[in-house]
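Here's the letter readout for the chains.
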Amino acid sequence: MTRSAKPEAGFSLMEVIVALGILATAAVGFTSLLQGSVEGTREVQERYLARVVADNQLTDIVWRRLPLEQGVTSGTESQMGREFLWTLTILPGPRPELVFVDVQVRRGEDPEGAVIAQATTLRAIQ
C-alpha cells in the first residue's frame, strides 16, 4: 500500500504577505479618515463656541437699557479655554428709532483672520 502525501495545511508565505499588505492599506485609509473626523469635530466645536460669544454680545445689547452709541467696539471673551475676539458694530437702522447691531467673532490668536461666527439684530434706541 502506498500512502499519498497529504497537502500541507495553512497559508503560504505569499498569501500572508498579501493579506498583511491589504490590511496595512486599509489601516492607513482608516487613520486618515479618523484624523479628518477629529479635525472636523474640532472645527465644529470652535464655530459653536464662537456663536455662543456672538449670542452673548447680542443678548447684552438687547437687554441693556443704556442708550446705544453708534460705532465700533471690540473685546475678547473666553469659552472653554479658547480666546475669541468680538467686534460689535452699531449702525443707523431703517427708521430713526432703530439701529443695526452686528457682532463678528474671530479666533483670538488671529485677529485679522476670517470671521467664524456672525450675528445681527435690530434694536430700538432708548
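Residues numbered from 1 in each chain as written. Predicted model: local features only at pLDDT ≥ 70, side-chain atom pairs only at ≥ 80, totals over all residues. Heavy atoms only, no water.

Draft legend 1. Expanded view of the overall build of the protein chain. A count of helices and strands for the protein chain gives one helix and four strands. Ordering the α and β elements of the protein chain from the N terminus gives α-β-β-β-β. Dimensions of the protein chain along its principal axes, counting C-alpha atoms only, are 110 × 25 × 20 Å. A total of 126 residues make up the protein chain; the buried ones form 25% of that total. In the protein chain, 43% of the contacts between residues at least 6 apart in sequence involve partners at least 24 apart. Carbon and sulfur atoms make up 61% of the accessible area of the protein chain, which amounts to about 9300 Å² in all. Looking at the protein chain, you have 12 positive and 15 negative side-chain charges, and the mean spots of the two groups are 7 Å apart. (Helix = DSSP H or I, 4+ residues; strand = E, 2+ residues; numbered from the N terminus. Buried < 20%, exposed > 50% of the residue type's maximum accessible area, 1.4 Å probe, protein only. Contact = heavy atoms within 4.5 Å. Areas by Shrake-Rupley, 256 points an atom, 1.4 Å probe, with all protein chains shown as cover. Lys, Arg positive; Asp, Glu negative; His and termini not counted. Charge placed at Lys NZ, Arg CZ, Asp CG, Glu CD.)

Draft legend 2. Structural view of the nonpolar core. In terms of nonpolar packing, the biggest core is built from 18 residues, with Phe84, Leu88, Val101, Val103 and Val105 touching the most fellow members. Going through the elements one at a time, α1 (13–63), β2 (82–92), β3 (98–107) and β4 (117–124) are the ones with two or more residues in this core. Looking at this core element by element, the count peaks at six residues for α1. Each residue touching Phe84, except ones within four places of it in the same chain, is listed here: Glu46, Leu49, Ala50, Val53, Gly75, Thr76, Glu77, Gln79, Val105, Arg106, Gly108 and Ile116. (Core = buried A, V, L, I, M, F, W, Y, C linked by side-chain atoms within 4.5 Å.)

Draft legend 3. Inspection of α1 at higher detail. Compared with an ideal rise of 1.5 Å per residue, which puts 51 residues at 75 Å, α1 spans 74 Å between its outermost C-alpha atoms and is within 8% of the ideal. Looking at α1, one finds that the buried residues are Glu46, Leu49, Ala50, Val53, Ala54, Gln57, Leu58 and Ile61. (Expected span 1.5 Å × (residues − 1).)

Draft legend 4. Representation of the environment of Arg107. Assignment of secondary structure puts Arg107 in strand β3. Along the primary structure Arg107 and Thr76 are separated by 31 residues, whereas in three dimensions their C-alpha atoms are 9.6 Å apart. Those residues in contact with Arg107, other than ones at most four positions away along the chain, are Glu46, Glu83, Leu85 and Ile116.

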